[in-house]
Amino acid sequence: AQSVTQLDSQVPVFEEAPVELRCNYSSSVSVYLFWYVQYPNQGLQLLLKYLSGSTLVKGINGFEAEFNKSQTSFHLRKPSVHISDTAEYFCAVSDRGGAQKLVFGQGTRLTINP
Amino acid sequence: KAGVTQTPRYLIKTRGQQVTLSCSPISGHRSVSWYQQTPGQGLQFLFEYFSETQRNKGNFPGRFSGRQFSNSRSEMNVSTLELGDSALYLCASSESLGGANVLTFGAGSRLTVL
């Protein structure tokens, strides 16, 4: 079984400041890793994914994440945030063995202040 | 390409009633998954269908059921509604099975049980 822990439920930052959203996972099997974003009254949108290869993954809207196998982490970063980045962010894992089921963290609400 | 379409977007039911939610996947996508999102439990996997067959099921009571049609459209049904079933129900589609597949989510159906 897998589990995902997002270490911060809320992160307030000022516009143009850098941000890091933290994600740790636990799994007895190898996993794929994802970050999704949810804007108010919308579904989830994929930001980026780690399947294999380079541990630094770049996604949409200037976000990137780094997979650290030894620390079982997949932290999301952006060097300079905008008001439009205000949303809830979810880290998720899926089983490399075949099941497509995503296990999500509890989410981090990112609030950008002007 | 049109995205994942969920209907209805909002609905209100009373305890004991049943509800059916519909999901039309992206054209060409054969896998449909359902997730429940609540403030307390977060995002939880309900079930996944591929080629009209349920491939995976989450830890929900038998009151929750679903099906997939030959055109890949899917429905989920909740019978004997309880207050705790109030949630945003998200449908996601992907081209095929496997943990590496990216899920594209719909905007969700928000169910309120009174």
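Since the structure is predicted, the reported quantities are computational estimates derived from the model, not experimental observations.

Caption draft 1: Focus on the overall build of chain B. Scanning chain B from N- to C-terminus turns up zero helices and eleven strands. Counting helices and strands in the order they occur from the N terminus, chain B gives β-β-β-β-β-β-β-β-β-β-β. Against the compact-globule benchmark of 13 Å for 114 residues, chain B has a radius of gyration of 13 Å, which places it among compact chains. Dimensions of chain B along its principal axes, counting C-alpha atoms only, are 35 × 25 × 25 Å. Looking at chain B residue by residue over its 114 residues, the buried ones come to 51%. Considering only intrachain contacts with a sequence separation of at least 6, the fraction spanning at least 24 residues in chain B is 54%. For chain B, the accessible surface area stands at approximately 5200 Å², while carbon and sulfur atoms represent 47% of it.

Caption draft 2: Molecular detail of the layout of surface pockets. The volume enclosed by the largest pocket comes to roughly 550 Å³. Together, 28 residues line the largest pocket, and Gln38, Glu88, Phe90 and Arg109 of chain A together with Gln37 of chain B are the ones closest to its centre. Where the lining of the largest pocket is concerned, the elements lending two or more residues are strand 10 (87–95) of chain A together with strand 4 (31–38), strand 5 (42–50) and strand 9 (87–94) of chain B. Here the element with the most residues in the lining of the largest pocket is strand 10 of chain A; it accounts for three residues. For the lining of the largest pocket, the residue count by class is ten nonpolar, 13 polar and five charged.

Caption draft 3: Highlighting the sheet that holds strand 8 (residues 74–78) of chain B. Residues and elements named next belong to chain B. In spatial order, the strands read 1-3-8-7; together these four strands make up an open sheet with antiparallel pairing. In this open sheet, the two strands that pair with only one neighbour each are strand 1 (5–7) and strand 7 (64–68). Ignoring which end each strand starts from, the neighbouring axes of this sheet average 15° apart. Across three bridges, the pairing between strand 1 and strand 3 (residues 19–24) is antiparallel. From the neighbouring strand, Thr7 faces strand 3, where its bridge partner is Ser22.

Parameters and conventions
- Residues numbered from 1 in each chain as written.
- Chains lettered and ligands numbered in written order.
- Predicted model: local features only at pLDDT ≥ 70, side-chain atom pairs only at ≥ 80, totals over all residues.
- Heavy atoms only, no water.
- Helix = DSSP H or I, 4+ residues; strand = E, 2+ residues; numbered from the N terminus.
- Rg over C-alpha atoms; globule rule 2.2 N^0.38 Å.
- Buried < 20%, exposed > 50% of the residue type's maximum accessible area, 1.4 Å probe, protein only.
- Contact = heavy atoms within 4.5 Å.
- Areas by Shrake-Rupley, 256 points an atom, 1.4 Å probe, with all protein chains shown as cover.
- 1 Å grid on protein atoms, 1.4 Å probe; cavity = no way out; pocket = protein on both sides within 12 Å on 5 of 7 lines; lining within 4 Å.
- Points joined across faces, edges and corners; volume = space filled by probe spheres on them.
- Nonpolar A, V, L, I, M, F, W, Y, C, P; charged D, E, K, R; others polar.
- Pairing = 2+ DSSP bridges.
- Axes fitted to C-alpha atoms, helices over the stretch in contact; angles between N-to-C directions.

So, to be careful, I would describe these as geometric facts and stop short of saying anything about function.
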